[in-house]
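Residue strings, one per chain:
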Amino acid sequence: MTAYRLFGAETSPYSLKVRSFLTYKGVEFDWIGRSQATEEEFQSHAKVPTVPLLVSPNRAPNQDSTDILSCVESDHSEPSSVPDDPACAVLALILEDYADEWLNKVMFLQRWGQKPDREAAADRTMEQLFDGKLPRAKKKTRDQIVKRMRDRLPLVGVEKKNEKTLKTSFERFTALLNTHLENNLFIFGGRPSVADFALAGQYAQMLADDTPGAWLRDNAPFVTAWCEFMDAPKAGAPFKPLDELKETLLPLFKDEIAVTYLPWAAANLQATQDKQDRTSVKIEKKAFEQVTQHYAATSFKSVQKAVRRLNDNEALTGFLDEADAKSFFDK
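The structure presented is a predicted model; accordingly, all values stated were derived computationally and were not measured. (Residues numbered from 1 in each chain as written. Predicted model: local features only at pLDDT ≥ 70, side-chain atom pairs only at ≥ 80, totals over all residues. Heavy atoms only, no water.)

Chemist: Mind showing me how you'd approach the overall build of the protein chain here?
Modeler: In terms of regular secondary structure, the protein chain is built from 15 helices and five strands. In terms of overall size, the protein chain behaves like a compact globule, its C-alpha atoms giving a radius of gyration of 19 Å where 331 residues would be expected to give roughly 20 Å. Its C-alpha atoms put the protein chain at 60 × 45 × 45 Å along the principal axes. Within the protein chain, buried positions represent 55% of all 331 residues. Put simply, the protein chain shows about 15100 Å² of open surface, and 51% of that area lies on carbon and sulfur atoms. Here the protein chain contributes 44 positive and 49 negative side-chain charges, whose respective centroids are spaced 8 Å apart. (Helix = DSSP H or I, 4+ residues; strand = E, 2+ residues; numbered from the N terminus. Rg over C-alpha atoms; globule rule 2.2 N^0.38 Å. Buried < 20%, exposed > 50% of the residue type's maximum accessible area, 1.4 Å probe, protein only. Areas by Shrake-Rupley, 256 points an atom, 1.4 Å probe, with all protein chains shown as cover. Lys, Arg positive; Asp, Glu negative; His and termini not counted. Charge placed at Lys NZ, Arg CZ, Asp CG, Glu CD.)

Chemist: Looking at this model, I keep getting lost on the packing of aromatic side chains. Mind explaining?
Modeler: Each aromatic ring pair is summarised here by two numbers: the centre-to-centre distance and the angle between the ring planes. Taken as a whole and judged by the stated rule, the model has 14 aromatic pairs. Their ring planes at 80 degrees and their centres at 5.3 Å tell us that Phe-253 and Phe-319 sit as a pair that is edge-to-face. You can see Phe-253 sitting in helix α11 (residues 242-257) and its partner Phe-319 sitting in helix α14 (residues 314-322), a full 66 residues away along the chain. Both residues of the pair, Phe-253 and Phe-319, count as buried. Ring pairs connect the aromatic residues Tyr-98, Phe-173, Tyr-261, Phe-300 and Phe-329, which therefore count as one cluster. For Arg-19, the ring lying beneath its charged end belongs to Trp-31, and the centroid distance is 4.4 Å. (Phe/Tyr/Trp six-rings, centres within 6.5 Å; stacked < 30°, edge-to-face > 60°. Lys NZ or Arg CZ within 6 Å of the ring centre and 35° of its normal.)

Chemist: Whenever I open this one, helix α10 (residues 221-229) confuses me. Can you help?
Modeler: Every α-helix winds through 3.6 residues per turn, so residues three or four apart in the chain are directed the same way. Within α10, the full set of buried residues consists of Val-223, Thr-224, Trp-226 and Cys-227. Relative to the axis of α10, the buried residues are bounded by an arc of 165 degrees and lie together on one face. The secondary structure elements touched by the buried residues of α10 are α7 (163-181), α8 (194-208) and α9 (210-219). (Arc of directions from axis to C-beta. Contact = heavy atoms within 4.5 Å.)

Chemist: In this structure, what is going on with the pairing of strand β5 (residues 286-291)? I would like to understand it.
Modeler: Here six bridges tie strand β4 (residues 278-283) to β5, and the two strands are oriented antiparallel to one another. Across the sheet, the residue bridging to Arg-278 is Val-291, located in β5. As consecutive antiparallel partners, β4 and β5 are separated by two residues, and within that stretch Glu-284 has a phi angle of approximately 50 degrees, a positive value. (Pairing = 2+ DSSP bridges.)

Chemist: Can you help me understand the nonpolar core in this one?
Modeler: Side chains that are nonpolar tend, in soluble globular proteins, to be buried together. If you look at the biggest cluster of nonpolar residues, it comprises 94 residues, and the most contacted ones within it are Phe-188, Tyr-203 and Trp-226. Ranked by residues supplied to this core, first place goes to helix α4 (residues 86-112) with 16 residues. Sequence-distant contacts of Trp-226, defined by excluding residues within four places in its chain, comprise Leu-177, Leu-181, Leu-185, Phe-186, Ile-187, Asp-196, Leu-199, Ala-200 and Tyr-203. Phe-7, Ala-9, Val-51 and Leu-53 belong to the second-largest nonpolar core, a separate cluster that totals eight residues. (Core = buried A, V, L, I, M, F, W, Y, C linked by side-chain atoms within 4.5 Å.)

Chemist: Mind showing me how you'd approach the environment of Asp-277 here?
Modeler: Inspection of the secondary structure assignment puts Asp-277 in the loop between α12 (261-273) and β4. Sequence spacing of Asp-277 and Glu-40 is 237 residues, and the spatial spacing of their C-alpha atoms is 34 Å. With residues up to four places along the chain from it excluded, the contact list for Asp-277 reads Gln-290, Val-291 and Thr-292.

If you want it as C-alpha cells, here you go:
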C-alpha cells in the first residue's frame, strides 16, 4: 500500500483532474475506483458522498479537488505547476474555477441532457459501481442512474432556458482554446498549471461521450490532442511570461470568461450573500437563472482574493482591464 490513496471514478472530471496531477508530480499512489467493493473503505474516510477523495500520509483526507492540488503542490514543489509569472499564476486560478464551476455545467448538459449519451454514460457508471459484474436488472438499474443524474441537472444550472447559452459558451471557448494550443504545449507554456488539469478533466469526460466527443475531434484537434496528453503530462519546457501568451490567451478571457462565467460567478456570490435560493443574471442579453450554488460562491471568493493580493501587478491589472474582467475583482 502506498502513502497516497486516491478514491475516484473514470466518470468524474474532478477525479481525473487529481489523478493527472499526482501522475505529473511523480507521486506514487493507489487509484481506487469507487464501487461496491471499495465503498466501506471510502465511507471510513469520506465526509461527503462524492469523489475524488485523497488519503495522504501527513494530511487529513481531502475531497476538494482544488484544495488537493494546492496541498500536493506545497508538499511536492517539483515539477512545478505554478507559472513563474505571478500574473499567469493568478490567471491559472481563474481558469481552474471556470473549468470546475462553469465548464462542468456544459459537461453535465452534454452527458445527461441528451440521448444516446446519457444511456451510454449510465452503462459505464453501472460497470464501475458493480466492478463489471452487471446486475440482472440491467435496464432498470441503468434507468435509475439516468433518472438520478437528470434530476441533478437543475442543481448545476442545466435548465431548458439555459441550454443555448451553455452550448454557445462551450463552442466559443473550445475554438479559442484550440487556437491558443496551436502554439503552446500547455495553456501557460511548456508545462501544465492547475488550469490545464481542471479543464482537461472536463474535456476528457466530453471526449468519452459520443456526441461531444465527435464534435471535439472534428472541430478542435489541438484541444483533443492536448487533453489526451494531459492523462499523464510531462513538463516539456519552462512556463512562458504573459506577454508571450497574450495574443491568444486574452481572447479566452475577453470573448468568453468575462462574458459568461464571471457575470454568473459574481451574481451567484451576491445571491449567496443575500441568502437568495436562486441566482439570476443576464448573459449576452439573455436571462440565466439557476439554483444558487454555495460552494461555487466560496470558490469564486477565493479567486477574487488571489486577484486582489496582486492588485499592484501592472501586467495582471492591465490584462484584466483589456479583457473587460477587472470590475469583477474590484468589489
